[in-house]
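Structural description and commentary
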Amino acid sequence: MEGQQGQVSQATLPLAHAHFEKGQYAEAEALYSAFIRQCGWTASARAGPGSKCSPKDLATAYNNRGQIKYFRVDFYEAMDDYTSAIEVKPNFEVPYYNRGLTLYRLGYFDEALEDFKKVLDLNPGFQDAALGLKQTILDKEEKQMRNY
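Throughout what follows, the structure given in this document is the object of discussion. What you see is a predicted model, and the numbers here were worked out from it, not measured in a lab. (Residues numbered from 1 in each chain as written. Predicted model: local features only at pLDDT ≥ 70, side-chain atom pairs only at ≥ 80, totals over all residues. Heavy atoms only, no water.)

Helices and strands together make up the secondary structure of the protein chain, namely 7 helices and 0 strands. If you list the helices and strands of the protein chain from N to C, you get α-α-α-α-α-α-α. By the burial criterion, 44% of the 148 residues in the protein chain qualify as buried. Across the protein chain, the fraction of contacts at a sequence separation of at least 24, relative to all contacts at a separation of at least 6, is 50%. Per element, the accessible surface of the protein chain, about 8,400 Å² overall, is 53% carbon and sulfur. (Helix = DSSP H or I, 4+ residues; strand = E, 2+ residues; numbered from the N terminus. Buried < 20%, exposed > 50% of the residue type's maximum accessible area, 1.4 Å probe, protein only. Contact = heavy atoms within 4.5 Å. Areas by Shrake-Rupley, 256 points an atom, 1.4 Å probe, with all protein chains shown as cover.)

Written out as structure tokens, the structure is:
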């Protein structure tokens, strides 16, 4: 049975990605969730020796599931998944970027700035993060000028 679960885990992530790429988000989300469960991840037990999955795969599953939630406008749930992806793989810049965009959209400019800066620390060539940082600074200044 253990071997079968491992095979299911190996097949689940590529299948989730395929559904995600086709825009079949309900199917992709269910598969990403199944993959995360199969990895045995909990917030208190980081992916380590007991985990069945690589940190990169697990972080990607969390990030992509977060994207699906973002598309549904479930911003806080999306940020939870981005944060989980970051906890699993702290040097993975994409969930920082995605969380930064979400924070920006919600008007949390200071937090968005921190995430965009982290992206650029990890990957100085990430142009969308540089643009996000610049826009966040401008919007934060405008908000301060309007006193709200």
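Still more to cover.
Inspection of every chain in the model, using the stated rule, returns 8 salt bridges. One salt bridge in this structure joins Arg99 and Asp115, with 2.7 Å as the shortest N-O distance. Highlighted residues: Arg99 in helix α5 (residues 93-105) and Asp115 in helix α6 (residues 109-122), separated in sequence by 16 residues. The buried category is assigned to Asp115, whose relative accessible area is 5%. Glu142 is paired through a salt bridge with Arg146; the nearest N and O atoms lie 3.0 Å apart. Here Glu142 pairs with Arg146, and both are found in helix α7 (residues 127-146), just 4 residues apart, close to one helical turn. One network of salt bridges, with partners in common, ties together Glu29, Arg72, Asp74 and Glu77. (Salt bridge = Lys/Arg side-chain N within 4 Å of Asp/Glu carboxyl O.)

Note that all results are geometric; they support no functional claim without further evidence.
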